[in-house]
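# Structural overview
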Protein chains: 2
Amino acid sequence: MIHIYLDAMGGDNAPGCTVEGALEALKNDPELKITLGGPREEIERELKKHEGVPGEDRLTIDDAPEIITNHDAPVMAIRQKKNSAQVKGMLLVREGKADGFVSAGSTGATLAGGMFRLGRIDGVERPALAPLLPNGKDFFCLIDCGANVDCLPAYLPQFGVMGSAYIKAVRGVENPRVGLVNIGAEAEKGNALVKAAYHLMEKAPFHFIGNVEGRDITGDVADVVVCDGFSGNLILKFMEGVAGTLLGMIKKEIYADTRSKIGGLLAKPAFKRVKKTMDYTEVGGAPLLGVKGVVVKAHGSSNAHAIACAIRQAVLMVRKNLVDSIEKEIAKQLSEQ
Amino acid sequence: MIHIYLDAMGGDNAPGCTVEGALEALKNDPELKITLGGPREEIERELKKHEGVPGEDRLTIDDAPEIITNHDAPVMAIRQKKNSAQVKGMLLVREGKADGFVSAGSTGATLAGGMFRLGRIDGVERPALAPLLPNGKDFFCLIDCGANVDCLPAYLPQFGVMGSAYIKAVRGVENPRVGLVNIGAEAEKGNALVKAAYHLMEKAPFHFIGNVEGRDITGDVADVVVCDGFSGNLILKFMEGVAGTLLGMIKKEIYADTRSKIGGLLAKPAFKRVKKTMDYTEVGGAPLLGVKGVVVKAHGSSNAHAIACAIRQAVLMVRKNLVDSIEKEIAKQLSEQ
């Protein structure tokens, strides 16, 4: 039985989406139990709407009346709000009483909780956020995506090590291709950070394919795309922005003349399939790699299904012993240096 | 009469596209004359294909037998290849014998030529590349786009000043909205660079609207989007990449079933309009702002029409006295500090 702790109040649509998402996950996985952490009464009120749903007996509530919001200063909140789901959940994972932690709430609090309540894996310089993003054919892992906005060169090869272990475990890719985000293909290109990181990446224990330029990030050239957290967050959000703008333009132009409008209606199945391929919530949230336990940060706007997917992803990370793999790979990297 | 110096051998399709592009520009603008800089014989051979085209009499050749390619180290090439179009053209602009310089060749050589042969405007810390990119409704200026991969905070407000002057001059926007690329909306977000730059941007003499997140860059929230050259180059190329991937997926899915295929055929006019709106070559290339003259870097893969557009853009920059405006605005910024 795998035990996931879910932050019941995390996310724009909580606790409705978290309770419903937990039930969906329980229904789909008989080997799963979930603890919902949050104010007991609120969770119970929400649960009443779903009485008698299969799997409900594998769901328990952990009363965590203190709530950390996006307005709280993360590190301070983790220090002070000891009765929050973030703090209680992370401690349970640390004690081995839960196998993984999932939250759609404050990213900062999840990072701070992971860093200070769960702790870093030995040798890991900086834990990093590593969502899977679509490239039209498959998904690639973008690491770091915002946990470390200012990076030292030495962080980047470790992101590669962790991302590579992650993709191997959850996507079953044998020898993941690891690329470094840069503005040119040649080793000597880029800013001071990536120039120094490039040479460290070459020596690291993964399949380094060299630099990946902006136009190739979604071109299925790398399974793991490594960058500092500022660039990663920019890439993540810009991808959403460009896709939204482009699809908005297409929609507008399709409605602009009758012939195109009819065409658009007929082509609806195609657009639906594109939307489905682009939907990265299906593969879960962004795991925080490098901490001593499984932590998944789901998108703040997650619906119930996205929450269920994030839980499924956390379960997979537990089943594949990802934390152990990262520990081993980091030790290997450090011993080879 | 405005006189533009065009690097005849610059670009993947040169000299075919440059000669043809020059002739298109001359045909459309009777107040324009162009000097084609490059090996005389090659240019003459190309020109023979177009004998008798209107405007040809306003075209002259400047024999510049030395060619700077993408494989040359830019600064070294500018220093040594004194008979290259880049060096000869920049010097003519500096001497006031030409009004502007256009090249689709090596970006590095154009930058180095601008910096060391033309020179910086007084007070400008770093010249910057500033292409116009589509947001579906209009175009925004992204500055810097690769000229300065490592930036100090003080460079960024100057990018804002120059971008603002540029948008005012060439797009006729009265009070351009200037935003700072960041990973959050709040002033305290971001890496060390943007955190420090934010406060300088607040004091600068332009309409600062604060941070712009990745998802809003193409959301028509800012006319001028300021960032370091590494982020800017990433944004520029990633935009191309995402748009290409997404359109590729749509195409693939439209061909995947008969109903969608018919729909796609009918909706062709809509897709054509989208493609046209997205085509940023229509608005020209990337100007190098901050140097003592008009310099436009056209896309390496430019066809003749894109070259003609880059020339038209350079002419507009000359007609609007952009270099003077930037000089005045930078002086103003420095005096207010």
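You'll find the structure just up there.
Here's what I pulled together on the structure shown here. Note that the structure is a prediction, hence the values are computed from the model and not measured.

## Thoughts on the pairing of strand 4 (residues 100-103) of chain B
Residues and elements named next belong to chain B. Here strand 4 shows two buried faces, one formed by Gly100 and Val102 and the other by Phe101 and Ser103. Taken together, the three bridges between strand 1 (residues 2-7) and strand 4 define a ladder with parallel strand orientation. Across the sheet, residue Tyr5 finds its bridge partner in strand 4, namely Phe101. With four bridges joining them, strand 4 and strand 12 (residues 294-297) adopt parallel strand pairing. When the sheet's bridge partners are listed, Phe101 is paired in strand 12 with Val295.

## Digging into the interface of chain B and chain A
With 53 residues of chain B at the contact, the number on the chain A side is 53 residues. When residues of chain B are sorted by the area they lose upon contact with chain A, Ile183, Phe230 and Phe238 of chain B head the list and together hold 15% of the total. Counting across the chain B and chain A interface gives eight salt bridges. Elements with a contribution of two residues or more to the side of chain B that touches chain A: helix 7 (192-203), helix 8 (229-254), helix 9 (258-266) and helix 10 (268-278) of chain B. For the side of chain B that touches chain A, the leading source of residues is helix 8 of chain B, giving 19 residues. In terms of residue class, the side of chain B that touches chain A is made up of 28 nonpolar, 15 polar and 10 charged.

## Things to note about helix 1 (residues 16-28) of chain B
Residues and elements named next belong to chain B. The end-to-end C-alpha distance of helix 1 is 19 Å, a good match for the 18 Å that 13 residues give at a rise of 1.5 Å each. Gly16, Cys17, Thr18, Val19, Gly21, Ala22, Leu23, Ala25 and Leu26 are the residues of helix 1 that are buried. In the core, the buried residues of helix 1 are packed alongside strand 1, strand 2 (32-38), helix 2 (40-48), strand 3 (59-63) and helix 11 (304-319).

## Description of helix 6 (residues 155-171) of chain B
All names here are of chain B. Between its first and last C-alpha atoms helix 6 spans 23 Å; for 17 residues at 1.5 Å apiece the expected length is 24 Å, and the two agree. Taken across its 17 residues, helix 6 has 15 buried, putting it largely inside the fold. Immediately beyond the C-terminal end of helix 6, within one or two residues, lies Gly172, with a positive phi of roughly 65°.

## Some points on the sheet that holds strand 10 (residues 224-226) of chain B
All names here are of chain B. Ordered by their spatial adjacency, five strands build an open sheet running 6-7-10-8-9, and the pairing between neighbours is mixed. Each edge of the sheet is formed by a strand with only one pairing partner; in this case those strands are strand 6 (132-134) and strand 9 (207-212). For this sheet the average axis-to-axis angle between neighbouring strands, irrespective of direction, equals 30°. Relative to strand 9, strand 8 (residues 177-181) runs parallel, the two sharing five bridges.

## A few points about the sheet that holds strand 2 of chain B
All names here are of chain B. One open sheet holds the seven strands; their spatial order is 3-2-1-4-12-11-5, and the pairing between them is mixed. Two strands lie at the open edges of the sheet, namely strand 3 and strand 5 (128-129), each paired on one side alone. With two bridges joining them, strand 5 and strand 11 (residues 286-289) adopt antiparallel strand pairing. Residue pairing across strands places Leu129 opposite Leu288, the latter belonging to strand 11. In this fold helix 2 packs onto strand 2 and strand 3, with an angle of close to 155° to the strand it touches most, strand 3. Strands strand 4, strand 5, strand 11 and strand 12 of the sheet are contacted by helix 5 (residues 107-118), whose axis makes an angle of about 170° with strand 12.

## Considerations on the relation of the copies chain B and chain A
By a simple turn and slide, chain B fits onto chain A: the slide is 0.0 Å along the axis, the RMSD is 0.0 Å, and the turn is 180°. What we have between these two chains is a two-fold relation. If distances are taken from each C-alpha of chain B to the rotation axis, the shortest is found for Gly263 of chain B, at 1.8 Å.

## Remarks on the state of the cysteines
Considering all chains together, one arrives at zero disulfides over all chains under this definition. The structure places no disulfide on Cys145 of chain A, whose sulfur is separated from the nearest cysteine sulfur, that of Cys227 of chain A, by 6.8 Å. Relative accessible area serves as the criterion here: at 4%, Cys145 of chain A is assigned to the buried category. Cys309 of chain B provides the cysteine sulfur closest to Cys17 of chain B, a residue in no disulfide bond, and the two sulfurs are 12 Å apart.

## Some words on the nonpolar core
Counting residues in hydrophobic clusters, the biggest one holds 202 residues, and the most contacted among them are Ile143 and Leu156 of chain A together with Ile143, Leu156 and Ile311 of chain B. With near-sequence residues (within four places) excluded, Ile311 of chain B lies in contact with Ile4, Leu6, Gly21, Ala22, Ala25, Leu32, Ile34 and Val102 of chain B. In this structure, Ile254 and Met278 of chain A together with Ala270 and Val274 of chain B belong to the second largest nonpolar core, which totals 20 residues.

## Comments concerning the side chain of His3 of chain B
Residues and elements named next belong to chain B. Mapped onto the elements of the fold, His3 is located in strand 1. A polar atom in the side chain of His3 sits 2.8 Å from the backbone oxygen of Lys97. If near-sequence neighbours (up to four positions away) are discounted, His3 is found in contact with Lys33, Ile34, Thr35, Lys97, Ala98, Asp99 and Gly100.

## Concerning the packing of aromatic side chains
Summed over all chains, the structure comprises five aromatic pairs over all chains. With 6.3 Å between their ring centres and 40° between their planes, Phe238 of chain A and Phe238 of chain B make a pair best called tilted. Separated into two different chains, Phe238 of chain A in helix 8 (residues 229-254) and Phe238 of chain B in helix 8 make up a pair that spans both. An identical accessibility class is assigned to Phe238 of chain A and Phe238 of chain B; each is buried. Ring plane angle 20° and centroid distance 6.1 Å describe the contact between Tyr5 of chain B and Phe101 of chain B, whose orientation is recorded as stacked. One end of the pair, Tyr5 of chain B, is in strand 1; the other, Phe101 of chain B, is in strand 4, and 96 residues separate them in sequence. Both residues of the pair, Tyr5 of chain B and Phe101 of chain B, belong to the buried class.

## Description of unusual backbone geometry
All names here are of chain A. Residues Ala14 and Pro15 are joined by a peptide bond in cis, for which omega reads 0°. Relative to the helices and strands, Pro15 resides in the loop between strand 1 (2-7) and helix 1 (16-28). We note that Asp220 has phi near 55°; this positive angle belongs to a residue other than glycine. Structurally, Asp220 is set in the loop between strand 9 (207-213) and strand 10 (224-226).

Parameters at a glance
- Residues numbered from 1 in each chain as written.
- Chains lettered and ligands numbered in written order.
- Predicted model: local features only at pLDDT ≥ 70, side-chain atom pairs only at ≥ 80, totals over all residues.
- Heavy atoms only, no water.
- Buried < 20%, exposed > 50% of the residue type's maximum accessible area, 1.4 Å probe, protein only.
- Helix = DSSP H or I, 4+ residues; strand = E, 2+ residues; numbered from the N terminus.
- Pairing = 2+ DSSP bridges.
- Contact = heavy atoms within 4.5 Å.
- Buried area = accessible area lost by both parts, 1.4 Å probe.
- Salt bridge = Lys/Arg side-chain N within 4 Å of Asp/Glu carboxyl O.
- Nonpolar A, V, L, I, M, F, W, Y, C, P; charged D, E, K, R; others polar.
- Expected span 1.5 Å × (residues − 1).
- Axes fitted to C-alpha atoms, helices over the stretch in contact; angles between N-to-C directions.
- Least-squares fit on C-alpha atoms with pLDDT ≥ 70 in both.
- Disulfide = S-S within 2.5 Å.
- Core = buried A, V, L, I, M, F, W, Y, C linked by side-chain atoms within 4.5 Å.
- Polar contact = N/O pair within 3.5 Å; in protein donor to acceptor, adjacent residues only side chain to side chain.
- Phe/Tyr/Trp six-rings, centres within 6.5 Å; stacked < 30°, edge-to-face > 60°.

By themselves, these observations are geometric and do not establish any function.
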